[in-house]
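Here are the chains, one letter per residue:
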Amino acid sequence: MKIINRILAFAVFAPVPVFAVLPSVDDGSVILVQNAATRGVTVSYTLSDGPAIVIPAFLTNGVPLAVEETTRLVGDVNRIVPEGDRSFMWFPDDDREGFSVEDGSFAVKLKAYPTNRAPDVVVFDLAIRTSEARRYYASLEALPHGVTNDIYKTTKLVMKKVRAAGRSFRMGAPAYESLNGGNNDFRSREIPRRVTFTNDWYLCVYPLTQLQMRCVTGSRYSRAVHDNGVLEGANTLPASYVSYTALRGSSVDWPTTGSSVAEGSVIDTFRDKLGVSSFDLLTSARWEYSCRAGTQTAYYTGGSPTNYTVDAQIDEFAWYSGNSGGVPHPTGLKRPNNWGFYDMMGNVQEWVLDWYITGNELSDGSDQIDPPGPIAPKKTDSNTNACRVLRGSGFGGYVRNMRAAFPGWDSPGEPKNMGFRLMCGTEL
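The model shown is predicted, which means the values in this text are computed figures rather than measured ones. (Residues numbered from 1 in each chain as written. Predicted model: local features only at pLDDT ≥ 70, side-chain atom pairs only at ≥ 80, totals over all residues. Heavy atoms only, no water.)

**Student:** Sorry, what's going on with the overall build of the chain here?
**Tutor:** What the chain contains, in helices and strands, is 8 helices and 21 strands. By the burial criterion, 50% of the 428 residues in the chain qualify as buried. A fraction of 72% describes how many contacts in the chain between residues 6 or more apart in sequence connect residues 24 or more apart. Here the chain has roughly 19,500 Å² of accessible surface; of this, 52% comes from carbon and sulfur atoms. (Helix = DSSP H or I, 4+ residues; strand = E, 2+ residues; numbered from the N terminus. Buried < 20%, exposed > 50% of the residue type's maximum accessible area, 1.4 Å probe, protein only. Contact = heavy atoms within 4.5 Å. Areas by Shrake-Rupley, 256 points an atom, 1.4 Å probe, with all protein chains shown as cover.)

Put into structure tokens, the structure is as follows:
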């Protein structure tokens with residue numbers, strides 16, 4: 001009876017949960033005014049309980065306009081907006097000559113996202129060093145000019161949210177998947193285990209390219225040049241000669257020192273110039289989850305290897321030894337995975353945070369939550385230096401290396417045909 005009384009007392013005096021009021025835009029506050037001379041449309045609105053990220057939807061007779069018709073926007077839209085009376089301008093496409101907002105068929109709907117629940121896509125303008133450098137979109141399909149446009153591989157950086165909080169997947173692969181199931185080396189580094197994550201993250205849609213690197217760091221980080229010193233399409237080629245040490249520094253030791261990076265390192269420079277303190281490499285587990293994009297097959301497009309040298313299945317999604325000609329290629333030319341990430345396999349190998357180890361030291365197959373990888377590095381017979389993990393293989397990789405589960409490795413100070421893609425937390 002005493003126990004019952006205590007439970008009842010707790011139930012009576014327990015605090016009532018208070019739900020936060022989310023920011024919003026009242027449809028009734030949205031006012032459209034068109035300039036007769038310029039045809040530009042000023043959209044005024046009131047944001048309540050902000051600040052928030054405000055995303056527009058343009059409709060004619062209830063039908064959304066094509067993205068191509070709504071790219072010319074200036075003002076308080078697609079970014080973090082302070083609470084209060086706000087406005088932005090839309091300049092209709094030239095093909096809409098004579099278009100008028102006064103006939104009642106046109107409408108603008110505005111959605112306010114809390115700043116800690118940002119939309120799925122964020123784009124950084126690498127030429128700007130202010131808050132204006134950051135724009136948000138509801139999806140990759142909503143990006144002005146389309147995600148495959150070269151601007152997102154050169155002067156802008158596009159990142160998409162990976163929804164992983166509370167979700168699990170099987171990391172690693174069964175022994176038979178590599179086409180060489182009896183090879184203990186493959187089995188010892190691809191031990192299947194269940195991994196669960198506690199947070200979402202943003203991830204670059206493309207590996208960092210040479211021009212993106214030059215915009216931020218001043219260097220292209222590449223040795224891929226022709227005799228005249230310039231490789232055709234070099235601006236959109238992945239940075240392919242960057243070491244782990246250059247990315248994070250030699251004075252830090254993931255996971256012992258956590259997310260710290262050395263002053264002046266590549267990632268430190270990106271953090272400083274773009275104002276995002278959570279920029280970093282993925283862990284190996286996060287990389288594989290992002291690569292698989294909900295699949296569990298050997299290839300993230302489905303299917304498994306059929307031979308050791310050339311496989312037509314791979315041609316559609318990766319540059320590898322069977323089709324690359326031994327050189328890197330511009331990013332985004334192959335099929336992306338189901339979540340819209342390009343070149344996750346092939347082209348250039350990508351550094352991840354983890355130290356490289358195998359066998360029981362790597363895993364006993366037990367479930368893991370947000371695994372950071374091992375603390376102690378493992379030396380290999382072929383390399384007496386402690387090695388970091390590389391993912392995605394590269395333009396010289398073999399068929400069996402194009403699998404989502406395959407991890408490579410090398411010395412952190414080696415910058416040979418290696419690139420990377422940035423991730424960051426979702427609270428920017």
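Let's pick the thread back up.
**Student:** How should I be thinking about the sheet that holds strand E14 (residues 193-196) in this particular structure?
**Tutor:** In sheet architecture, strand pairing relies on hydrogen bonds along the backbone and comes in two forms, parallel and antiparallel. What the 3 strands build is an open sheet, ordered E13-E14-E17; its pairing is mixed. The open sheet is flanked by strand E13 (168-171) and strand E17 (368-369), the only strands paired with a single partner. Relative to E17, E14 runs parallel, the two sharing 2 bridges. By the bridge assignment for E17, Val195 is matched with Gln368. Strands E13 and E14 of the sheet are contacted by helix H6 (residues 284-292), whose axis makes an angle of about 100° with E13. (Pairing = 2+ DSSP bridges. Axes fitted to C-alpha atoms, helices over the stretch in contact; angles between N-to-C directions.)

**Student:** Can you walk me through empty space enclosed by the protein in this structure?
**Tutor:** Enumeration over the complete set of coordinates arrives at 1 cavity of 30 Å³ or more. Of the pockets and cavities examined, the largest cavity occupies roughly 30 Å³. Contributing to the lining of the largest cavity are Tyr152, Leu157, Val158, Cys204, Val205, Tyr206, Pro207, Leu208 and Gln212. The residue inventory of the lining of the largest cavity, partitioned by class, reads 8 nonpolar, 1 polar and no charged. (1 Å grid on protein atoms, 1.4 Å probe; cavity = no way out; pocket = protein on both sides within 12 Å on 5 of 7 lines; lining within 4 Å. Points joined across faces, edges and corners; volume = space filled by probe spheres on them. Nonpolar A, V, L, I, M, F, W, Y, C, P; charged D, E, K, R; others polar.)

**Student:** Would you mind showing me how to read the pattern of salt bridges here?
**Tutor:** When the charged atoms of two side chains with opposite charge come close together, those side chains can pair. Applying the stated criterion across every chain, the model contains 17 salt bridges. Two residues, Arg403 and Glu177, come together in a salt bridge whose shortest N-O distance is 2.9 Å. Taken together, the residues Arg403 in the loop between strand E18 (388-391) and strand E19 (407-410) and Glu177 in the loop between E13 and helix H2 (184-189) connect sequence positions 226 residues apart. A single network of salt bridges, built from pairs that share partners, joins Asp76, Arg79 and Arg86. (Salt bridge = Lys/Arg side-chain N within 4 Å of Asp/Glu carboxyl O.)

**Student:** Would you explain the pairing of E18 in this entry?
**Tutor:** Side chains on a regular strand alternate between the two faces of the sheet. Where burial is concerned, the two faces of E18 agree: the one with Arg388 and Leu390 and the one with Val389 and Arg391 are both buried. Across 4 bridges, E18 lies against E19 in antiparallel orientation. Residue pairing across strands places Leu390 opposite Gly408, the latter belonging to E19.

**Student:** What should I look at first to understand the environment of Thr154 in this one?
**Tutor:** With respect to the element layout, Thr154 can be found in the loop between strand E11 (134-137) and strand E12 (156-162). Classification of Thr154 by relative accessible area gives buried; the value is 9%. Put simply, Thr154 and Asn235 are 81 residues apart on the chain and 6.4 Å apart in space, counted from C-alpha to C-alpha. Leave out the neighbours within four places in its chain, and Thr154 touches Leu126, Thr209, Leu211, Gln212, Cys215, Asn235 and Thr236. A polar side-chain atom of Thr154 sits 2.7 Å from the main-chain carbonyl oxygen of Asp150. (Polar contact = N/O pair within 3.5 Å; in protein donor to acceptor, adjacent residues only side chain to side chain.)

**Student:** How do you make sense of the packing of helix H3 (residues 210-217) against helix H5 (residues 266-274) when you look at a structure like this?
**Tutor:** Working note: a packed helix pair is described by the angle between its axes plus the distance between those axes. Orientation of H3 relative to H5, taken along the N-to-C sense of each, is 70°, at an axis distance of 10 Å. If you check the angle between H3 and H5, you find them roughly perpendicular. Between H3 and H5 the crossing geometry is left-handed. Contact residues: H3 offers Gln212, Met213, Val216 and Thr217, while H5 offers Val266, Thr269, Phe270 and Lys273. Among the residues forming the contact of H3 with H5, the class breakdown is 4 nonpolar, 3 polar and 1 charged. (Parallel < 35°, antiparallel > 145°, perpendicular 65-115°, else oblique. Left-handed = near helix turned anticlockwise from the far one by under 90°.)

**Student:** What am I meant to see in the environment of Phe420 here?
**Tutor:** By secondary structure assignment, the location of Phe420 is in the loop between strand E20 (418-419) and strand E21 (423-424). Linking Phe420 and Gln349, residues 71 residues apart in sequence, is a C-alpha distance of 7.4 Å.

**Student:** I tried to follow H6 on my own but got confused; where do I start?
**Tutor:** Each α-helix winds once per 3.6 residues, and so residues spaced three or four apart point in a common direction. Burial runs high along H6: 9 of the 9 residues are buried. Among the residues trailing H6, Ala293 stands out with phi positive, at a value near 50°.

**Student:** What's the story with the layout of surface pockets in this structure? I'm lost.
**Tutor:** Over the atoms, a rolling probe the size of a water molecule traces out where space has been left empty. A volume near 640 Å³ is recorded for the largest pocket. Lining of the largest pocket is provided by 28 residues; of these, Thr70, Leu73, Asn78, Tyr137 and Pro144 occupy positions nearest its centre. For the lining of the largest pocket, the leading source of residues is strand E4 (residues 52-60), giving 5 residues. Considering only residue class, the lining of the largest pocket consists of 20 nonpolar, 4 polar and 4 charged. Roughly 340 Å³ of volume is contained in the second largest pocket.

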